[in-house]
Amino acid sequence: MSQALDIRKLLKSVVAYKASDLHLVSRSEPQIRIDGRLVALNLPTLDGKMIEDMAYALLTEKQKKELEEHSELDFAIMLPEIGRFRANYYKTLDDLACAFRIIPIEIPSLDDLNGNPVFKKVIQREKGLILVTGPTGSGKSTTLAAMLNEINETENRHIITVEDPVEFVHTNKKSLFSQRNVGNDTESFAIALKYAMRQDPDVILIGEMRDQETIGAALTAAETGHLVFGTLHTNSAPQTINRIIDVFSGEEQPQVRAQLSTSLVAVVAQALLPKIGGGRIATQEFMLTNPAIANLIREDKVHQVYSQMQLNQQETGMVTQTQQLLDFVKKRLVSRDTAIYYANRPEELIRVLDQNGL
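Residues numbered from 1 in each chain as written. Predicted model: local features only at pLDDT ≥ 70, side-chain atom pairs only at ≥ 80, totals over all residues. Heavy atoms only, no water.

Caption draft 1: A look at the pairing of strand S7 (residues 128-133). Within S7, 6 of the 6 residues are buried, which leaves the element mostly enclosed by the surrounding structure. Residues Gly128, Ile130 and Val132 point to one face of S7 and Leu129, Leu131 and Thr133 to the other, with burial holding for every one of them. Direction of pairing for S7 relative to strand S11 (residues 227-232): parallel, over a ladder of 6 bridges. Along S11, the bridge assignment pairs Val132 with Thr231. Here S7 pairs with strand S12 (residues 264-274) via 5 bridges, running parallel. Considered in S12, the bridge of Thr133 is made with Ala269. (Buried < 20%, exposed > 50% of the residue type's maximum accessible area, 1.4 Å probe, protein only. Helix = DSSP H or I, 4+ residues; strand = E, 2+ residues; numbered from the N terminus. Pairing = 2+ DSSP bridges.)

Dropping the structure here:
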């Protein structure tokens, strides 16, 4: 059997085991991630040559050249009758290694994800910045895809996505999609955003807000009448706000705080937790900018944002991670130990769990 078939066979096993990822690293057998945990497949230990043969079988000549020049490669690939995957090739101790993540072909709806009703409200905004944050593998891309899908089903808008690589491929329903791969369709996030303003967008998705130039362009787009979606690798709303401000130099920060206070619509901070009995469940902390929070951002009092999120939640629609974790433990969806392990504020969670006899 050829190596090219082997890689397809391995990727088939990701689908068969309902895994999220496949890892090929030399001096180890192939491993897959199921419900957040790595599991070794009962297969021979790989060496660099075996991985190279399998990895190269999926690449175009242009991709091979890029990999050889940079020792890194990000791309997405659709394999008929198997599925769509996001791939990252990299070097480890001079051998090639690969990480594949499965991308669902069916784009979930917000209802499929049991999304908070607030999602449907914020995406109706004409302009502003909506951020979905969390660690790698916390489902940010899936949540964003569901939000764009909701817009696609309900509104006539031009949606530009800039991703590295494009993950979910949307079919035009009511909206019109222009999906752009960094590297193939555009040089960088910052350049794509600069030119996006001339492409008559209503909605812009930025796959990753990595640097000052991209973040600055996103804030300007959100201020000038566009609804902008973005992601950051942060764990909470206050941390997200600080991360954006800290990217800029001291003298620029008052201006950025002013921009954020008027343009930031919502921060959704996600984490995926193992459920009791298997599978995973997402916690989603919601911060929605209201006049009080806008004022705290503008006046450099971000440390007070969390206590503001705890006030009048029935009216504001805000949710803290502690509340969600308490609810999950009450409903026996996750164990007490798991909830504490994943908590951003473990001391606060332990206190409320104890108060509730959990």
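Next, the rest of the story.
Caption draft 2: Fine view of the packing of aromatic side chains. Overall, the coordinates contain 4 aromatic pairs when judged by the stated rule. Their ring planes at 75° and their centres at 6.0 Å tell us that Tyr89 and Phe100 sit as a pair that is edge-to-face. Separated by 11 residues along the polypeptide, Tyr89 in strand S5 (residues 83-92) and Phe100 in strand S6 (residues 95-103) bring together distant segments of the chain. This pair shows no difference in class: Tyr89 is buried, exactly as Phe100 is. (Phe/Tyr/Trp six-rings, centres within 6.5 Å; stacked < 30°, edge-to-face > 60°.)

Caption draft 3: Region of interest: the packing of helix H8 (residues 237-246) against helix H9 (residues 253-263). Their axes nearest at 9 Å, the elements H8 and H9 cross at an angle of 140°. Taken as axis vectors, H8 and H9 run oblique relative to one another. Crossing handedness for the pair H8 and H9: right-handed. Residue-level contacts link Ile241, Ile244, Ile245 and Asp246 of H8 to Gln253, Val256, Arg257 and Leu260 of H9. Along the lines of polarity and charge, the residues of the contact of H8 with H9 split into 5 nonpolar, 1 polar and 2 charged. (Axes fitted to C-alpha atoms, helices over the stretch in contact; angles between N-to-C directions. Parallel < 35°, antiparallel > 145°, perpendicular 65-115°, else oblique. Left-handed = near helix turned anticlockwise from the far one by under 90°. Contact = heavy atoms within 4.5 Å. Nonpolar A, V, L, I, M, F, W, Y, C, P; charged D, E, K, R; others polar.)

Caption draft 4: Quick peek at the side chain of Thr133. Mapping Thr133 onto the fold places it in strand S7. In this structure Thr133 comes out as buried when scored by relative accessible area, which is 0%.

Caption draft 5: Just the confidence of the model for the chain, in detail. For the chain, per-residue confidence averages 92 on the pLDDT scale, and residues scoring 70 or more make up 99% of the total. Note that pLDDT drops below 50 for residues 1-5; the model gives that stretch 5 contacts with residues more than four away or on any other chain. (pLDDT = per-residue confidence, 0-100.)

Caption draft 6: Layout of the sheet that holds S12. Pairing is mixed across the open sheet formed by 7 strands, whose spatial order is S9-S8-S10-S11-S7-S12-S13. The open sheet is flanked by strand S9 (176-181) and strand S13 (280-288), the only strands paired with a single partner. Along the sheet, successive strands turn relative to each other by an average axial angle of 15°, direction set aside. Where strand S8 (residues 158-163) and strand S10 (residues 203-206) come together, 4 bridges link them in parallel fashion. Across the sheet, Ile159 pairs through a bridge with Val203, a residue of S10. Across the sheet, H8 lies against S7, S11, S12 and S13, angled at about 125° from S12, the strand it touches most.

Caption draft 7: Fine view of the side chain of Thr338. Within the fold, Thr338 resides in helix H14 (residues 336-342). Overall, the relative accessible area of 18% leaves Thr338 in the buried class. Sequence-distant contacts of Thr338, defined by excluding residues within four places in its chain, comprise Leu273 and Pro274.

Caption draft 8: Local environment of the nonpolar core. Counting 61 residues, the largest nonpolar core has Val122, Met147, Phe229, Ile241, Leu260, Leu264 and Met287 as the members making the most contacts within it. Ignoring anything within four residues of it in the chain, the contact list for Phe229 reads Ile123, Ile130, Leu144, Met147, Leu148, Ile151, Val203, Ile204, Leu205 and Ile206. Membership of the second largest hydrophobic core comes to 28 residues, among which are Ile7, Leu24, Ala87 and Leu96. (Core = buried A, V, L, I, M, F, W, Y, C linked by side-chain atoms within 4.5 Å.)

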